[in-house]
Amino acid sequence: TKLAPTSIKFSLASKATIAKVDWDFAGQKTTEMEPVRTMTPGVLYSFSVRIETNKGSVINISKMVTTEGTVQDVTAGASVTVSKDNNGGPNNNEGSLKVLDNSVDTKWLTSNTVFPLYATYKLTAPQIVKIYSVTSGNDANERDPQQWEIQGSNDEITWETLDTRDVLFTARKQTQYFTIANPKLFLYYRWMITKNRGNNSLFQVAEWRVFK
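The rules behind the values
- Residues numbered from 1 in each chain as written.
- Predicted model: local features only at pLDDT ≥ 70, side-chain atom pairs only at ≥ 80, totals over all residues.
- Heavy atoms only, no water.
- Helix = DSSP H or I, 4+ residues; strand = E, 2+ residues; numbered from the N terminus.
- Polar contact = N/O pair within 3.5 Å; in protein donor to acceptor, adjacent residues only side chain to side chain.
- Contact = heavy atoms within 4.5 Å.
- Buried < 20%, exposed > 50% of the residue type's maximum accessible area, 1.4 Å probe, protein only.
- Pairing = 2+ DSSP bridges.
- Axes fitted to C-alpha atoms, helices over the stretch in contact; angles between N-to-C directions.
- 1 Å grid on protein atoms, 1.4 Å probe; cavity = no way out; pocket = protein on both sides within 12 Å on 5 of 7 lines; lining within 4 Å.
- Points joined across faces, edges and corners; volume = space filled by probe spheres on them.
- Nonpolar A, V, L, I, M, F, W, Y, C, P; charged D, E, K, R; others polar.
- Phe/Tyr/Trp six-rings, centres within 6.5 Å; stacked < 30°, edge-to-face > 60°.
- Lys NZ or Arg CZ within 6 Å of the ring centre and 35° of its normal.
- Core = buried A, V, L, I, M, F, W, Y, C linked by side-chain atoms within 4.5 Å.

Novice: Provide a residue-level description of the side chain of E207, including the pertinent values.
Specialist: Tracing the chain through its elements places E207 in strand 18 (residues 207-211). Within the structure, the side chain of E207 is placed 3.3 Å from the backbone nitrogen of D101, a separation counted as a polar contact. Here the side chain of E207 touches N102 through a polar contact of 3.1 Å, landing on its backbone nitrogen. Discounting residues that sit within four places of it in the chain, E207 has contacts with K98, V99, L100, D101, N102, S103, S133, V134 and T135.

Novice: Please set out the pairing of strand 12 (residues 131-135) residue by residue, giving values where relevant.
Specialist: The buried count for strand 12 comes to 5 of 5 residues, which makes it a mostly enclosed element. With 5 bridges connecting them, strand 12 and strand 15 (residues 175-179) associate as antiparallel partners. Among the inter-strand pairings, S133 is bridged to a residue of strand 15, identified as Y177. Pairing of strand 12 with strand 18 involves 5 bridges; the strand directions are antiparallel. Each residue of the ladder has a partner; that of I131, found in strand 18, is F211.

Novice: Go over the sheet that holds strand 2 (residues 7-9) with me, naming the residues and quoting the values.
Specialist: Across the sheet, which stays open at both edges, the 3 strands sit in the order 1-2-5 with antiparallel pairing between neighbours. Among the strands making up the open sheet, the edge pair consists of strand 1 (2-4) and strand 5 (36-38). The mean angle between the axes of side-by-side strands here comes to 30 degrees, regardless of whether they run parallel or antiparallel. Here 2 bridges tie strand 1 to strand 2, and the two strands are oriented antiparallel to one another. Its bridge partner lying in strand 2, K2 is registered against I8.

Novice: Break down the layout of surface pockets for me, with residues and values.
Specialist: Empty pockets left among the atoms are what a rolling probe the size of a water molecule brings to light. The space that makes up the largest pocket amounts to roughly 330 Å³. Contributing to the lining of the largest pocket are 24 residues, with S11, L12, W23, V49 and I61 lying nearest its centre. Put simply, the parts of the chain that give the lining of the largest pocket at least two residues each are strand 2, strand 3 (18-25), strand 6 (45-53), strand 7 (58-66) and strand 8 (69-71). The element best represented in the lining of the largest pocket is strand 7, accounting for 6 residues. Taken together, the residues of the lining of the largest pocket break down into 14 nonpolar, 8 polar and 2 charged.

Novice: So what's going on with the packing of aromatic side chains? Which residues, and what values?
Specialist: Applying the stated rule across the entire model yields 16 aromatic pairs. Every member of this aromatic cluster is reached through a ring pair, and the members are W108, F115, Y121, Y132, W148, F178, W191, F203 and W208. Over the face of the ring belonging to W159 we find R190, whose NZ or CZ atom lies 4.2 Å from the ring centre.

Novice: Which residues make up the sheet that holds strand 7, and what are the values?
Specialist: On the basis of which strands lie adjacent, the open sheet formed by 5 strands has the order 4-3-6-7-8 and antiparallel pairing. Two strands bound the open sheet, and with one partner strand each, they are strand 4 (28-30) and strand 8. Across this sheet, the average inter-strand angle for adjacent strands is 35 degrees, counted without regard to direction. Both strand 3 and strand 6 contribute to a ladder of 6 bridges, which runs antiparallel. Each residue of the ladder has a partner; that of W23, found in strand 6, is V49.

Novice: Residue-level account of the nonpolar core, with values.
Specialist: Within the largest apolar cluster, 28 residues are counted, with the highest numbers of intra-cluster contacts made by Y121, Y132, V134, W148, W191 and W208. Of all the secondary-structure elements, those providing two or more residues to this core are strand 11 (117-128), strand 12, strand 13 (145-153), strand 16 (185-196), strand 17 (203-205) and strand 18. Ignoring any residue separated from it by four or fewer positions in sequence, one finds W148 in contact with Y132, V134, D163, T164, R165, V167, F169, F178, W191, M192, I193 and T194. Grouped together as the second largest cluster of nonpolar side chains are 10 residues, F25, M39, I51 and V65 included.

Novice: Lay out the side chain of Q176 with the relevant residues and their values.
Specialist: Mapping Q176 onto the fold places it in strand 15. Leave out the neighbours within four places in its chain, and Q176 touches Y132, S133, V134, V167, L168 and F169.

Structure, rendered in structure tokens:
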């Protein structure tokens with residue numbers, strides 16, 4: 001429950017009687033029944049809670065949450081197509097399939113890149129994507145994406161721009177999260193990179209993930 005723009009109350013509802021709870025907010029733990037946390041808008045947090053009923057049953061729940069509520073990663077199962085792939089192809093150890101393999105230790109790398117550069121996800125089903133993340137690669141920062149748009153479509157013909165950014169990554173393998181102000185239901189999501197940091201032909205990114 002949002003108490004204020006940055007103040008969020010966590011609570012539980014159950015038909016069983018809850019006897020004990022143990023919340024874990026990224027290492028900060030509490031046994032309060034309804035803890036209140038201060039959170040930054042646009043940032044994705046992870047939390048878990050261990051719940052024990054009065055009859056001794058136990059359940060563990062883990063979720064990701066923003067100031068707008070809980071979110072779920074819907075990148076898994078998506079297919080990706082790109083306008084320019086690694087010279088070794090999508091299955092190369094630096095090919096486009098690395099952009100959604102859920103590992104910050106791999107990356108998609110292109111050379112002789114002409115911008116705009118496109119990466120398109122076809123999800124397993126239409127989703128309202130509220131947040132997305134981009135993770136910088138391991139190598140020189142001038143290869144990082146800097147300016148981009150996120151677009152949505154249901155037919156890969158008509159595209160609607162959902163978000164526009166100008167971003168600098170301050171570290172290697174750094175994940176930044178971005179909120180889409182007016183999310184809508186789409187099957188396809190396209191990341192259109194219009195400029196990298198060094199304004200040259202080498203481009204790299206470790207991960208691009210989308211969340212509903």
